[in-house]
Amino acid sequence: MTIGLGIDTGGTYTDSVILDMDSGRILSRAKDLTTRNDLVIGITGSIGKHRPELLKKISLVSLSSTLATNSVVEGKGCRAGLISIGRRYDGTVTADIYAQVAGSHDLKGNEKVPLDEEAAKAALSEMKGKVDAIAITGYLSIRNPEHEERLAHLADEILGVPVVQGHELSSGLGFNERTTTALMNARLIPVITDLIESVKKSLAKFGIDAPLMIVKGDGTVLNEASAVKRPVETVLSGPASSLTGAKALTGLKDAVMIDIGGTTTDIGVLRNGFPRLEKEGALIGGKRTRVLAAAVSTYGIGGDSRIIVNGTRIELTPVRVIPLCIAATKWPHVREKLQDLAHRVPGHAAETVTVDEILQETEFFTPAKPVTTETMQECDRRLLELIAEEPKTLEEAGDAIGVLPYTFNVSRLEKLGLVTRIGVTPSDILHAEESYVEYDYKASKQAVDYLARKALLGFDEFVSTVKDMIETKIATCLMKDLLLEDGGFEDLGPAAEDLIRKAVSGKDGLDFGVSIRINKPIIGIGAPVGAWLPRIAEIFHTQLLLPVDSNVGNAIGAISGSVSKTVTVHIQPKEGAIGTDPASIVFLGDEKYEFPTFVEAVGFAKDKGSEYAERLAVESGATNVVIEVDVEKKTFGTASDASVQILLEADVTIRATGKPDLVSYRFQNA
């Protein structure tokens, strides 16, 4: 019997399950709060709730996490620099320092413009001491990466920080998407490194010596060494695990999965037992990437989403905060300050600052991680010192330091991952109405009462309004996702947006109403799905399934994945070669090869591509690898004879899949 431990480190909870991997039977399940300031505490707390005799039998550990996804959605991560070669990046993900230098290749991989090394050296020198990692991307570098590699060598010499090259992460065209992926990867390196080290420390506490695998965005897994090199591949690992877990828990092969976590709501579809992969690359927080992942859409709404009152207007934001009900249980000072709000009359003036900077009397701040080398203004440094003792509101901190509350640049401290807000969340709304009272519901009531008065609403009306906002947002996101996927659209027009609004709200137009039926059942994954999804299923006239173990569905999915690597080998006719079987060029990795015929090029691509994919799979921790090959050609018919198809280009896709290699690990660690 092979016993596996699945761990899911989410924004709020760290879940763990022990599974008999031969039968699929759940032997034990546990849950503990995620502790972002020190992940070891939450992971150790969750693992420690299992029986010691089961922990001794663990032979494989697999980790799923939403931390990488949350970091992207919330705009957090380390300081990352970016240098693009030959083309301007459109900036969908902002770099801390950005430079563009000359250099380019053509589609055949031939150098058109030499790399401007002097400009590159100057740009790198300017970044020294100001970035923790750097992303480097070149236009058409997938055809010839020599400029990226040369610049990476210079970056290593000058900066000595992790370097991410765009061509190593994606073989597909799309400069902006590839650059976005590389920049995300650079930002996420310390996030995933910290997570893996935290898990290993926790495992060591229990004497668990087993290979550690990390779930990728497509639901497959890779070993820890590969995850540290390519952490962006773990973005959407949580949602991918949810799909795998939803199938394992219900046995359904066709369903809509909705996973409501602390920070995000993830929506995906199972078809014929498998999640559909996003061929164009994962869409994360509205940003298109070149990450191979399940077609799961992530939206910034979860149990820990920040709820504020801006003037008298209620706003639901994607920023993740610690719920007050949890904070008050941990820190008595929070409860005491909230009690004081009962005697305070809220102001109702219109706000003139951004949502990030808005001052909320119900919000506190606590450290997220120790300060390292970040530069900051003195009052921000003193704020970090002050809240190290206990959480404080900005008013309290300002009074103690002698500055106005708005002096603090808390939005920057949040993006650097140095502080975490504590505030009102959907979880507090449930506690305030006493439909869910696992933590300090009285603290939630006090805060919600204050915000209700600030919004000029009664307590019950405020709770009802916020619940309607949350359910409406989830339902709207679900319907948009299904419409976009079903129609193959990039975006919806105003007419479709209006139809969705009418269907979700139930409010008729002048002459018609709208009712939409989803013809697949909805499977809910996550702790709060019982509170939010019944109305969603009702709106769309479909069945809702809430499995008994849905609250640990991600952890179940984590330990059920295989190791897989996909390699795409591109083939083009040589310049001037035209026909059905022309002389062709094969682009594989960093090399290109020429062949007298297309048939020979395809044979080489299959053979060498399979060897390359299998090697990558083994490096990622696979054994007993199975190879699947698919050839996709682009052709056009001649004017004289449409049946004669002239080759334009072709892609040979090789997928190498295997199970985690336990034998090699035992041999290496004997």
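The structure under discussion appears in the preceding block.
Residues numbered from 1 in each chain as written. Predicted model: local features only at pLDDT ≥ 70, side-chain atom pairs only at ≥ 80, totals over all residues. Heavy atoms only, no water.

Broken down by element type, the protein carries 22 helices and 30 strands. Whereas a compact globule of 670 residues would reach a radius of gyration of roughly 26 Å, the protein reaches 26 Å, a difference of no more than 12%. Pairs at least 24 apart in sequence give 68% of the contacts found in the protein among residues at least 6 apart. Working note: accessible area of the protein is about 27,900 Å², and carbon and sulfur atoms make up 51% of it. For the protein, the distance from the average site of its 73 positive side-chain charges to the average site of its 92 negative ones is 2 Å. (Helix = DSSP H or I, 4+ residues; strand = E, 2+ residues; numbered from the N terminus. Rg over C-alpha atoms; globule rule 2.2 N^0.38 Å. Contact = heavy atoms within 4.5 Å. Areas by Shrake-Rupley, 256 points an atom, 1.4 Å probe, with all protein chains shown as cover. Lys, Arg positive; Asp, Glu negative; His and termini not counted. Charge placed at Lys NZ, Arg CZ, Asp CG, Glu CD.)

Bringing the pairing of strand S13 (residues 255-260) into the picture now. Burial runs high along S13: six of the six residues are buried. Judged by which residues are buried, S13 turns out to be covered on both faces: Ala 255, Met 257 and Asp 259 on one side and Val 256, Ile 258 and Ile 260 on the other are all buried. Alignment of S13 against strand S14 (residues 265-271), held across six bridges, turns out to be antiparallel. Each bridged residue has a counterpart across the sheet, and for Met 257 the counterpart in S14 is Gly 268. Turn length for the S13-S14 hairpin, with the two strands adjacent in sequence and antiparallel, is four residues. Of the strand pairs in this sheet, S13 and strand S24 (residues 522-525) are connected by four bridges, and their pairing is parallel. Considered in S24, the bridge of Val 256 is made with Ile 522. (Buried < 20%, exposed > 50% of the residue type's maximum accessible area, 1.4 Å probe, protein only. Pairing = 2+ DSSP bridges.)

For the rest of this paragraph, the subject is a negative patch on the surface. On the surface, a cluster of negative charge is made up of Glu 111, Glu 146, Glu 149, Glu 168 and Glu 591. Here Glu 149 lies in helix H5 (residues 146-158). Looking at Glu 149, the relative accessible area reads 33%, which means it is partly exposed. (Patch = residues over 30% accessible without salt bridge, like charges linked within 9 Å, V, L, I, M, F, W, Y side chains within 5 Å. Salt bridge = Lys/Arg side-chain N within 4 Å of Asp/Glu carboxyl O.)

This paragraph deals with the packing of helix H17 (residues 459-487) against helix H19 (residues 529-539). Two numbers describe how H17 lies on H19: the axes approach to 10 Å, and their chain directions differ by 55 degrees. Accordingly, the angle class assigned to the pair H17 and H19 is oblique. For the crossing formed where H17 meets H19, the hand is right-handed. Contacts between H17 and H19 involve Lys 467, Asp 468, Ile 470, Glu 471, Thr 472, Ile 474, Ala 475 and Leu 478 from the first element and Ala 531, Trp 532, Leu 533, Arg 535, Ile 536 and Ile 539 from the second. Classifying every residue of the contact of H17 with H19 gives nine nonpolar, one polar and four charged. (Axes fitted to C-alpha atoms, helices over the stretch in contact; angles between N-to-C directions. Parallel < 35°, antiparallel > 145°, perpendicular 65-115°, else oblique. Left-handed = near helix turned anticlockwise from the far one by under 90°. Nonpolar A, V, L, I, M, F, W, Y, C, P; charged D, E, K, R; others polar.)

With 31 residues, helix H7 (residues 175-205) extends 45 Å between its outermost C-alpha atoms, agreeing within 8% with the 45 Å of an ideal straight helix rising 1.5 Å per residue. Where H7 bends most, at Leu 188, the angle is about 45 degrees, and the proline Pro 190 comes one to four residues later. In the stretch just after H7, Gly 207 is the one whose phi turns positive, near 70 degrees. (Expected span 1.5 Å × (residues − 1). Bend = angle between axes of the 7 residues up to and from the residue.)

A separate point is the sheet that holds strand S6 (residues 97-101). Strand order in the open sheet made by the four strands is S6-S5-S9-S10, with parallel pairing throughout. Two strands lie at the open edges of the sheet, namely S6 and strand S10 (163-165), each paired on one side alone. Within this sheet the neighbouring strands show an average axis-to-axis angle of 15 degrees, counted without direction. Contacting strand S5 (80-85), strand S9 (133-138) and S10, H5 crosses the sheet at an angle of about 160 degrees to S9.

Our focus in this paragraph is unusual backbone geometry. Although it is not a glycine, Leu 140 sits at a positive phi angle of roughly 60 degrees. Of note, Leu 140 is situated in the loop between S9 and H5. The phi dihedral of Leu 456 is positive, around 60 degrees, even though this residue is not glycine. On the secondary structure map, Leu 456 appears in the loop between helix H16 (441-454) and H17.

Here we take up the environment of Asp 498. Turning to its location among the elements, Asp 498 is positioned in helix H18 (residues 494-505). Separated by 109 residues in sequence, Asp 498 and Asp 607 place their C-alpha atoms 52 Å apart.

Another aspect to go through is the packing of helix H4 (residues 117-127) against H5. The relative placement of two packed helices is expressed as an angle between their axes plus a distance between the axes. Where H4 meets H5, the closest approach of the two axes is 10 Å, and the angle between their N-to-C directions is 35 degrees. Helix-helix and strand crossings are classified by hand; for H4 and H5 the assignment is right-handed. On H5, the residues touching Glu 117, Ala 120, Lys 121, Leu 124 and Ser 125 of H4 are Arg 150, Leu 151, Leu 154, Ala 155 and Ile 158. Grouping the amino acids of the contact of H4 with H5 by side-chain chemistry returns six nonpolar, one polar and three charged.

Attention shifts here to the environment of Ile 301. Within the fold, Ile 301 resides in the loop between strand S18 (297-299) and strand S19 (305-310). In this structure the C-alpha to C-alpha distance between Ile 301 and Lys 473, which are 172 residues apart in sequence, comes to 8.0 Å. Setting aside chain neighbours within four positions, we find Ile 301 in contact with Thr 263, Thr 264, Thr 265, Leu 316, Ile 470, Lys 473 and Ile 474.

So, on to the side chain of Thr 14. Among the secondary structure elements, Thr 14 is positioned in strand S2 (residues 13-20). Those residues in contact with Thr 14 that lie beyond four places of it in its chain are Ile 7, Asp 8, Thr 9, Ala 30, Lys 31, Asp 32, Leu 33, Thr 34, Gly 42, Ile 43 and Ser 46.

The subject of this paragraph is the nonpolar core. Core analysis: the largest hydrophobic core is formed by 55 residues, its most contacted members being Val 256, Phe 462, Leu 478 and Phe 540. With ten residues, the single largest contributor to this core is H17. Among all residues touching Val 256, those that are not within four sequence positions of it are Ile 267, Gly 268, Val 269, Leu 478, Leu 482, Ile 518, Lys 520, Pro 521, Ile 522 and Ile 523. Core analysis: the next-biggest nonpolar cluster, separate from the first, contains 48 residues, Cys 78, Ala 133, Leu 188 and Ala 293 among them. (Core = buried A, V, L, I, M, F, W, Y, C linked by side-chain atoms within 4.5 Å.)

This part is about the pattern of salt bridges. Scanning all chains against the criterion turns up 31 salt bridges. Where Glu 117 meets Arg 150, a salt bridge forms, and the shortest distance between an N and an O atom there is 3.1 Å. Of the two residues, Glu 117 is situated in helix H4 and Arg 150 in helix H5; the sequence distance between them amounts to 33 residues. For Glu 117, a relative accessible area of 27% gives the class partly exposed. Residue Arg 150 is classed as partly exposed on the basis of its relative accessible area, which comes to 31%.

For the rest of this paragraph, the subject is the sheet that holds strand S22 (residues 364-367). What the three strands build is an open sheet, ordered S21-S23-S22; its pairing is mixed. Two strands lie at the open edges of the sheet, namely strand S21 (322-323) and S22, each paired on one side alone. Alignment of S21 against strand S23 (residues 419-423), held across two bridges, turns out to be parallel. Bridging across to S23, Pro 323 finds its partner in Gly 423.

Moving on to the packing of aromatic side chains. The tally for this structure, following the rule as stated, stands at three aromatic pairs. Ring centres of Tyr 139 and Phe 175 lie 6.2 Å apart, and the angle between their planes is 75 degrees; this geometry places the pair in the edge-to-face category. Note that Tyr 139 is positioned in the loop between S9 and H5 and Phe 175 in helix H7, a separation of 36 residues in sequence. Owing to a relative accessible area of 5%, Phe 175 belongs among the buried residues under this scheme. Aromatic pair Phe 595 and Phe 604: ring centres 4.9 Å apart, planes at 45 degrees, arrangement tilted. Take Phe 595 and Phe 604: they sit in the same class, and that class is buried. Here the basic side chain of Lys 31 rests over the ring of Tyr 13, its NZ or CZ set 4.8 Å away from the ring centre. (Phe/Tyr/Trp six-rings, centres within 6.5 Å; stacked < 30°, edge-to-face > 60°. Lys NZ or Arg CZ within 6 Å of the ring centre and 35° of its normal.)

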